[in-house]
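# Coordinate analysis (summary)
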Amino acid sequence: MTQFVAAHHDGRVGRVRLQRPDKRNAVDTALAEEAALLMRRLAAAGIDVALLEAEPPTFCAGHDLSEMGAGTLETGAMRLIEELNDSDLFWIACVNGPVVGAGLGILATCPMVIATTDAWFSLPEADLGFFPGGMFAGLENIIPVRKLMDMAMTGRRVPAAEAMSWGLVDEVVDPADLMSTAEGIAASLASRPELVRLGRVAWRNHVRDATYRDRHQSLLGPALQAIAATVGRAEPA
């Protein structure tokens, strides 16, 4: 039995739901490990398409800052991003609230993103005085680089409609229509497994091009060290 993630499937469509709402679905190691286990079970069951959902009101607050004090690259959020990227499933993210920091890295692994009208997206590291290097490397093949730089340097909240105009989001719907829209798309795709497989590979190759790993490591390390220093200063004496 899992505590922070739920999963099931109906036919050829799977569903994985982050359910740590008291922490705004921030990703720690326990959540990432549960998610990885359930994703592999769905793949083993022959699932081709899966919906990535989250318990509201926040889709994902990114890193769990309690894991950041050591400045390590091996955080729960990074583990989940890698698991999603390496997954053979075609992921459709169903965004029903704010997506912050490393939460955008999670979206970057999903070939399709459907968001509600009240969702917004932010890289808030700028408010703490440092550059969100890891997320910049993960998003620069998706968002026009000047728009991404605006997010990185201002930390502002980007509304769903604006995010769609940038290419971060595929479709924006009313909150009441989110799941029916996603389920309809998923069911249609699941009937064409070879198309889904090729689309998944094409997305992975686009987001993670030949230069990605070097760019990511060079930008992520300094960013995590800055977060660790900030978290360390915030800890009570």
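Our subject is the structure that appears above.
The rules behind these values
- Residues numbered from 1 in each chain as written.
- Predicted model: local features only at pLDDT ≥ 70, side-chain atom pairs only at ≥ 80, totals over all residues.
- Heavy atoms only, no water.
- Pairing = 2+ DSSP bridges.
- Helix = DSSP H or I, 4+ residues; strand = E, 2+ residues; numbered from the N terminus.
- Buried < 20%, exposed > 50% of the residue type's maximum accessible area, 1.4 Å probe, protein only.
- Axes fitted to C-alpha atoms, helices over the stretch in contact; angles between N-to-C directions.
- Contact = heavy atoms within 4.5 Å.
- Salt bridge = Lys/Arg side-chain N within 4 Å of Asp/Glu carboxyl O.
- Right-handed = clockwise from strand over helix to strand, strands pointing away.

## Regarding the sheet that holds strand β5 (residues 99-100)
Sheet architecture is open: 3 strands sit in the order β5-β7-β8, paired in mixed fashion. Among the strands making up the open sheet, the edge pair consists of β5 and β8 (158-159). Looking at chain direction, β5 and strand β7 (residues 120-122) are connected through 2 bridges and run parallel. Among the inter-strand pairings, Val99 is bridged to a residue of β7, identified as Phe121.

## Some points on helix α2 (residues 76-86)
Of all 11 residues in α2, 8 are buried; the element is thus mostly enclosed. Within α2, the full set of buried residues consists of Gly76, Ala77, Met78, Leu80, Ile81, Glu83, Leu84 and Asn85.

## A look at the environment of Pro144
Relative to the assigned elements, Pro144 resides in the loop between α4 (133-139) and α5 (145-154). Sequence separation of Pro144 and Trp166 is 22 residues, and the distance between their C-alpha atoms is 6.6 Å.

## Some thoughts on the sheet that holds strand β1 (residues 5-10)
By way of backbone hydrogen bonds, the strands of a sheet pair with one another, either parallel or antiparallel. Across the sheet, which stays open at both edges, the 6 strands sit in the order β1-β2-β3-β4-β6-β9 with mixed pairing between neighbours. The sheet is open, and its two edges are formed by β1 and β9 (171-173), each paired on a single side. Within this sheet the neighbouring strands show an average axis-to-axis angle of 20°, counted without direction. Lying on the sheet, helix α7 (residues 178-190) is in contact with β2 (13-18), β3 (49-54), β4 (90-95), β6 (112-116) and β9; it crosses β4 at an angle near 170°.

## Let's talk about the pattern of salt bridges
For the structure shown, the criterion picks out 13 salt bridges. Here Glu83 and Arg40 are joined by a salt bridge, their closest N and O atoms 2.7 Å apart. Of the two residues, Glu83 sits in helix α2 while Arg40 sits in helix α1 (residues 29-44), which places them 43 residues apart along the sequence. Given a relative accessible area of 14%, Glu83 falls into the buried group. Linked by salt bridges that have partners in common, Arg15, Arg17, Glu53, Glu55 and Glu183 make up one network.

## So, the pairing of β2
Judged from the 6 bridges that link them, β1 and β2 form a sheet pairing that is antiparallel. From the neighbouring strand, Val5 faces β2, where its bridge partner is Leu18. What sits between β1 and β2 in their antiparallel hairpin is a turn of 2 residues, with Gly11 showing a positive phi close to 70°. Both β2 and β3 contribute to a ladder of 6 bridges, which runs parallel. Counted as the bridge partner of Arg15 is Leu51 from β3. Handedness of the crossover joining β2 and β3 through α1: right-handed.

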